[in-house]
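Examining the three-dimensional arrangement
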Amino acid sequence: MNTEAGPNTQIAGSNGVHQQALNLNAQIEYLMGSKPTYKALLESIDHKYKIEDAGARKWIVGCFLYYKMVDFKTVVSEEELQVIIHVIYEGMVISESFQVVTVIEKLPPRWKDFKNYLKHKRNEMSKEDLIDRLRIEQDNRRSEKKVTVATKKANMVEHIQSSKFKKTTTGKGANLTPMGEISKLKFQGKCYNCDKVDHRSSDYKKRKKANKKKKANMVDDISKEMGDIHLCATASEVNLVGSDPWWIDTEEIDDLERGDHVSRDRMTLNFQLLQVRRKLSETEESLKLCLKNKDMPFLESVVWPGLYSQLQWMILKLRITSPMLIATEERINSRSASEVETRKLERFMIFLSEITRLIDQDITGNLISKEVLEYTSPTIVRAYVRKFGGSISSIEAQINGLHDWASILGLTSAGCGQTSCITKHRCIMDADKEDGRRGAGTVGLEEDVQVITNKLILGQTTPALVVITGGKGIGKTTLARKIYHNPEIAHHFSCRAWVTLPLAFEPDSFLFSIAKQVLVGFDEKDSIEKIKFKLSRLWWFQRYLIVLDDAHVIEEATNTILKLCSKQFNGSRFLITITKRDLLMASPNCYIHERRVLGDEEAWELFTGKLLFQVNQEMEQLAREVVKKCSGCPLSVLKLADFISSNAATQEQWFSTFSQMNDPHESHYLSLTSSSDLMSSANRKCLMYFILFPHIEIPARRLIVLWVAEGLLDQPADSTETPESAGEKVLNELVQNCMIQVARWKSSGKVKTCRLNYRLMDALQAEAGKTNFLKINLQGAASTSSSNNDTILRVADHLNNNCFIFSHIHENDSIGPSSFKHHYKQLITFLSFDSREGPAPGQDIGNFIYRGIKLNCLKLLRVLDLEGTFRPKLPDSVTKLSQLRYLGLRHSYTELLPEPIGNLSNLQTLDLKHTCLRSLPSSIWKLQQLRHLYLSESYRSRIMAPGISITLLNIQTLWGVFVDDVTQIEDGLKKLTNLKKLGLVYRSPSSQQRNLADWISKLHHLESLRLRSVDDMNNPDYLYLTTISGLNKLSSLYFLGKLANPFVLEALPESLTEITLSFSGLTVDPMRTLEKLPYLRILNLYAGSYTNNTMICSSGGFPLLQVLNLWKLEELEEWIVRDGSLIILRHLEIRACIKLKKIPGGFPLLRLLNLWKLDELEEWIVKDGSLIILRHLEIRSCIKLKMIPEGLRHLKHCRELKLTSMPDDFKTRVTKDQGVDWPQIAHIGSVVVRN
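Residues numbered from 1 in each chain as written. Predicted model: local features only at pLDDT ≥ 70, side-chain atom pairs only at ≥ 80, totals over all residues. Heavy atoms only, no water.

Attention now goes to the packing of helix H19 (residues 507–518) against helix H20 (residues 528–541). Interaxial distance between H19 and H20 falls to 10 Å at its minimum, and their mutual angle equals 55 degrees. When the interaxial angle is binned, H19 and H20 end up oblique. H20 is crossed by H19, and the crossing has left-handed handedness. Here Asp508, Leu511, Phe512, Ile514, Ala515 and Val518 of H19 lie close against H20, whose contacting residues are Ile528, Ile531, Lys532, Leu535, Leu538 and Trp539. Broken down by class, the residue content of the contact of H19 with H20 amounts to 10 nonpolar, no polar and 2 charged. (Axes fitted to C-alpha atoms, helices over the stretch in contact; angles between N-to-C directions. Helix = DSSP H or I, 4+ residues; strand = E, 2+ residues; numbered from the N terminus. Parallel < 35°, antiparallel > 145°, perpendicular 65-115°, else oblique. Left-handed = near helix turned anticlockwise from the far one by under 90°. Contact = heavy atoms within 4.5 Å. Nonpolar A, V, L, I, M, F, W, Y, C, P; charged D, E, K, R; others polar.)

Quick look at the structure:
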């Protein structure tokens, strides 16, 4: 590369500095819009510059005071003196008389007579007169051809001319001294070289180098290229700033003769450096003023998307350039810089000066043009935008070129030294803070941002409403603000405004607040009619987005705007945040987005991201329990993190915090009493149902079917809504009112598990006692014990031996038949939480049920939930419980089910998942009210053939059913048309599978589909399917088996949120199809699902994908992820992809990364900007990986690193405090190395 050729630039003339300063002032005044503001800002900038330039002025004054003219140069051509006076004249106030007298004093020694003549002049003399007189005298002296002689001062020296140019003096005046005296025949002075008398220094052919310590400090040398410039100056007490003196002492004369010194005059270059540094500061300040411009949001939308970030980039680049100038100055003034290198550095300064000129001319000076200000036509504005965009791109390219050239010149490494390191460190710290803020403030928002952004950008052209609802402190405004500043939104909506609506709505004030944000050059004195006219004209051409935060009067606000542009069809939108959903009116133009609370892991992630320190393993469990008390409210989690961060993180502090959070007076949530008007009596009973459970995670599936079984839901008789849908609404209402806490969410956005808000337990138990929810206290009973007087309605066995119920269940002889019948004659619910192993739990439950049925006590029993109880011994008489609606035996591993199960005519839910039942009796088809049937697919549970005229019309869930060649399809399964959840295990011929595929394609209510095809040895087999594109409600899909028709994946329903493929045998990259699904959140590609060697994720693909698992794709060698793909991925796990050689970069929001058994992975590179908020990383059995990636040192938020079964050399490199790679991971809180 040719490093000598610099950029083809030129320096502006002497008037360029003044003109650019005037342009900058005019730009600032125009940007700020009012003279008082401009004046104040200008005074502030001047004050800043005066402080910064104080040292430079000292330097200039020092140069001025000690400047001496020499005889070998004409007086009127003293260029340096003219430059110094010019700078002094610009920056300091000095009278003209003082300047004239100073110039007279600085005349060279040969001008002594003329200097005395001028000093004796009694009349004032102007600079112009002085220059004229000097020119006349110069011409006269030149005509006399007088010889220049050296000055006699001991501390001055002149440049010695070579013999080539020396003139011989003869005749009159030949023996005159410089003072006009007659010289003696013998030289009486001392030699400057050896301090001896009787000879001159000029008598030496070569100077001696002895006694250099005694030599006086002398002046700067004369440039060989500019031989007409000669400077002399003393070196006493001159204040300099940031550089070495521009003069040299007599020791440097030796270097000059050897030709090793810089041949260009340093003062001129230092002066240029001073000007460039000053201009650089001015340009940076003007860019900062542009960022503060009140019209920036509009300009960013109309003029150039991302303008704000680009200006910030320029400021950062210019700030990094400043230490490069310091390095340039040091290089110029050093003895090591050659003439060629000095010229390169000078061209570097010229290049930088030209860039600052272009920034002032094309950006800061042209930010608000006439076209944008008037906005007469979109065509004119687009033409201006193209021109402006070209200028920005050109300047960015030149800045990058400048920095590349600086690298070649060595100004970014050794040249910048410590300054560059500090700048880089500051940038890294700023980036870390920004990442921390993003990680802390936006946990759980990524998906919401993508969904709402798509709703705003896509869809109808008429103005529409997108509404964000939710409780207080749930993050509605934070979400709206993140969407508002999204670059994609800024690019799509040219006009944006944010308005927080007051309680008392005033249309004029409302429009006034919008006009201040969107109208360029807005004048507060404009009339409201003029403002309306300008807004109407603007919105006629521009697509707008108006955010109404904390809206109370939605209809009035939207109508006020729509009146100004009633016939606009360009896709404008309103984004509204609101707490009370009842303020909304049903409209086809309104999309409502419910802001959900955080799950346990999301709340923990938000807490740890906001916390100022890492939580150690000893305190993590307690800390998690404390965070759970925040009920998933983001505001509460952030406040908790702030509180903990401001105090010592000791165990005592955590327990103190826990106690404070248990204090009911500190609660900001709704209390049970204050929320009574928000809930119906039925909803209150649903809430009280939580007291039957221990404080654990309760599956929403289980809770809703129990509510339905007990009939707690208040549903109109003519309602077409299913009871399960009504139960989901009640559950969501309780969540939004902070009555219950969500532990985990499903990928579909529904609640997976939940728990009661711990603050409400005591209040609910008291409420349950008052409303007889658990038991009825009968007055006048024989026993004096209050417990013996109770008639029990609902029993929850928690193995609490302090409760009298414990003895009734586990000690049969403790109660007589009459007492037993008295207590349990009205029992409607029985729940067991006996998790003991062995036969005892099953026997106790079986005996209790048998006794109750024998005593005719359980006639009203509706719920029998024995989930988790080991093998309960259900008596055959259980079929006499005619009112039973829920029979739960999940995880009970029961082996037998009573044969006449069909007699339970009111049974709605039969949960036999994770049991050991291999077949169900044919009487199961008699359960006409059955809605949910769960079987254990691992035990191949079959359903015997039904009767010809019998069918299950109401069934919605059929899960885990084994289908083989004896299963009835036409007269059995095909009659089940209302299914929402279907899970089948196939072992059937292809002809039967075709019938099943045809039946499945017609299940239009289906939400979840799980199909597994196996052979006799339980190995994956062929799976036949037809198109399922018509299943528009399908959200979860699981296929195990080789797809006989792989093209079924080409037309999947867009509603899918979760897909799992295993042993599918796909040879065509499935990513090209799956990445187009707009709502897909979880994708699992398991063993054998894809058998080719290359996988590509295209730009813009998988917009909502959060979890990606790639397991045992043994042929995969290359995985390419384009920019803009997988933008919100949070969980990535790659296992046993034994041929994969490279891990792609990117994934800015990834929280968890697991790399297991990647045999061909030799090197892993983590680039800047990748994995910036990664929390957990595990590397296991990657036998060829040689070392930890260097980029891990920048993962400041990583809290856990596991290294399992890695090679010995690898483990040696990460040995604590000793390994060479330990500094890369020392900042991680938990590092575990194990086999």
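Still more to cover.
Among the residues of helix H17 (residues 476–484), those classed as buried are Lys476, Leu479, Ala480, Ile483 and Tyr484. What you see down the axis of H17 is that its buried residues fit within an arc of 135 degrees, all on one side. (Buried < 20%, exposed > 50% of the residue type's maximum accessible area, 1.4 Å probe, protein only. Arc of directions from axis to C-beta.)

Next up on the list: unusual backbone geometry. Glycine aside, the phi torsion of most residues is negative, and most peptide linkages are trans. The backbone of His891 shows a phi angle near 60 degrees, a positive value even though the residue is not glycine. Residue placement: His891 occurs in the loop between strand E14 (886–888) and strand E15 (909–911). Positive phi is not limited to glycine here, since Ala1136 has a value of about 55 degrees. Tracing the chain through its elements places Ala1136 in the loop between strand E30 (1131–1135) and strand E31 (1152–1156).

Burial of strand E25 (residues 1058–1062) is extensive: 4 of the 5 residues sit out of reach of the surface. Bridge analysis of E25 against strand E26 (residues 1082–1085) gives 4 bridges, and the strand direction is parallel. Each bridged residue has a counterpart across the sheet, and for Glu1058 the counterpart in E26 is Ile1082. (Pairing = 2+ DSSP bridges.)

Turning to a negative patch on the surface, a few remarks are in order. A cluster of acidic side chains, namely Glu96, Glu128, Asp129 and Asp132, defines a negative patch on the protein surface. With 3 residues, the top contributor of residues to the negative patch is helix H7 (residues 127–144). Summarising the element assignment, Glu96 is placed in helix H5 (residues 96–105). Judged by relative accessible area, which is 36%, Glu96 ranks as partly exposed. (Patch = residues over 30% accessible without salt bridge, like charges linked within 9 Å, V, L, I, M, F, W, Y side chains within 5 Å. Areas by Shrake-Rupley, 256 points an atom, 1.4 Å probe, with all protein chains shown as cover. Salt bridge = Lys/Arg side-chain N within 4 Å of Asp/Glu carboxyl O. Lys, Arg positive; Asp, Glu negative; His and termini not counted. Charge placed at Lys NZ, Arg CZ, Asp CG, Glu CD.)

Time to look at empty space enclosed by the protein. For the structure shown, the criterion picks out 8 cavities of 30 Å³ or more. Its boundaries defined by the atoms lining it, the largest cavity holds a volume of some 70 Å³. Forming the walls of the largest cavity are 13 residues, and the residues nearest its centre are Pro1144, Gly1145, Phe1147, Trp1164 and Leu1171. When the residues that make up the lining of the largest cavity are grouped by side-chain class, the tally is 9 nonpolar, 3 polar and 1 charged. (1 Å grid on protein atoms, 1.4 Å probe; cavity = no way out; pocket = protein on both sides within 12 Å on 5 of 7 lines; lining within 4 Å. Points joined across faces, edges and corners; volume = space filled by probe spheres on them.)

Just geometry here; none of it tells us what the structure is for.
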